[in-house]
Amino acid sequence: MFAAVLILFLTGVSTIYAAEPDSIGWLKQLVYFAIGLAAFAAVNRVHYKDLGVFSFWLYGGVLFLLAVLLVERFIPMPGFWRSIVPVVNGARRWIRIGPVQVQPSEFCKIAFILSLAWYLRFRENYRTIKGLFPPFAITFLAMGLIILEPDLGTVILLLPVLFGMLFAAGAKKRHLISVILIGLFLSPVLWMNMHSYQRIRVASVILQNDLVYNYASRHEKAAEILVGGPAELIRWKKDKGYHLMHSKNAIASGGITGYGYGEGPYMDGTLKLPEAHNDFVFSLIAHQWGLLGCIFVFVLYITVAACGLEISRFNPDPFGKLISVGIVVMLMMQVIVNVSMTVGLMPITGLTLPFVSYGGSSLVVNMIALGLLNNVGRHRSFTVAAKAFEYPR
């Protein structure tokens, strides 16, 4: 598992270097990886069950940091506050203290998984509709704070993690399906109350179609429903639509085998792919190594997922089992969402490709998640009791 992650990281950092050799981004990524290794080792110094005792405190601390990000939205703050909580592209996602910059929503993923696993480990009440309210309340509390930053990617990620852990813990499938159907039923109401920039991201999936885009261009009401108005439609074409078009071109031009390392119009500067080192690093991998390179990357991720599920399957401890499931779902959903948005199947959310995309908080958090998986795998307990969560469906 660690070997697969190491190859993924080297693939990412080498791609960042090839795309921007004059930048120090690749060097920063090496430093972040070193910090991630230290975090990996630190997580393995304690038994994972000891972390469960403090899980709610950890979650509460992360929620406090998320609330700190939003203070200026409701209370006037002095000028120095912007140096602590900078506004980048209209979003408040980072807390900066000197040279250190932390993204609390990234660390929220780990704290959320630990606290939810600790809550679900010995309970049966979530097998009723009424009993689902506390787990959903734990989730929506973080989602509400994160959506105000805004950070749509992390919000999208938390719900699959919740459903995956509830299913693993024995929640009834018909109850989970009922919740999904209720969400779909309410989606038109949620859509009409979304900000225009949020609609633009979601509507990008269908705006790629020329017929849909041209129809919205000619009909103001359609443009208003889809993205908030004609002006926003034009902005999409120049912003997110531009990113998506070049992302798809970079992937398609790679063909079966790609141009080769550091080669191709999107690598030599002939064409420009915005955010290539971060959100769209997969596009550059496909551009250099083609379909075969993409398949190789997917095999590495499948290896990580298989190892995580194996750890979950053979661990009789409910807490360890749920941690493993939560981490696997978290990592694999990030892969699915990131790759899907680069090819236009999902909205562009800013969710990174695990261990590959540039980003300090993201890489460190993913290394902590890997450390937790390793911790659970190392401390498999022996028991003669019944298997965890063996309930009649």
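The text that follows walks through the structure, step by step, so that each part is easy to find.

So, how was this worked out
Residues numbered from 1 in each chain as written. Predicted model: local features only at pLDDT ≥ 70, side-chain atom pairs only at ≥ 80, totals over all residues. Heavy atoms only, no water. Phe/Tyr/Trp six-rings, centres within 6.5 Å; stacked < 30°, edge-to-face > 60°. Buried < 20%, exposed > 50% of the residue type's maximum accessible area, 1.4 Å probe, protein only. Lys NZ or Arg CZ within 6 Å of the ring centre and 35° of its normal. Core = buried A, V, L, I, M, F, W, Y, C linked by side-chain atoms within 4.5 Å. Helix = DSSP H or I, 4+ residues; strand = E, 2+ residues; numbered from the N terminus. Salt bridge = Lys/Arg side-chain N within 4 Å of Asp/Glu carboxyl O.

For the rest of this paragraph, the subject is the packing of aromatic side chains. In this description, an aromatic ring pair is defined by two values, namely the gap between the centres and the angle between the planes. In this structure the tally under the stated criterion is eleven aromatic pairs. Consider the rings of Phe282 and Phe298, whose centres lie 5.7 Å apart with planes at 25 degrees: the pair is stacked. Judged by relative accessible area, Phe282 falls into the buried class, the value being 3%. Taken together, Tyr48, Trp118 and Phe319 form an aromatic cluster joined through their ring pairs. The ring of Trp118 is capped by Arg121, whose NZ or CZ atom sits 3.5 Å from the centre of that ring.

This paragraph deals with the nonpolar core. Phe112, Leu120, Leu166 and Ile323 are the most contacted members of the largest nonpolar core, which has 88 residues in total. When residues in this core are grouped by element, the largest group, twelve residues, is from helix H17 (residues 318–342). Core analysis: the second largest hydrophobic core is formed by eleven residues, Ala18, Phe280, Met341 and Ile348 among them.

This part takes up the pattern of salt bridges. All told, the structure shown has three salt bridges when counted by the stated rule. A salt bridge links Glu72 to Arg82, with the nearest nitrogen and oxygen atoms 2.9 Å apart. A residue pair is termed long-range when its members are at least 10 positions apart, and Glu72 in helix H5 (residues 71–74) and Arg82 in helix H6 (residues 81–84) qualify at ten residues. The closest approach of N and O atoms between Lys109 and Glu106, which form a salt bridge, is 2.9 Å. Linking Lys109 with Glu106, this pair stays in helix H7 (residues 104–120), spanning three residues, or about one helical turn. Neither Lys109 nor Glu106 differs from the other in exposure class; each is buried. Three or more residues joined by partner-sharing salt bridges are found here, namely Glu72, Arg82 and Arg92.

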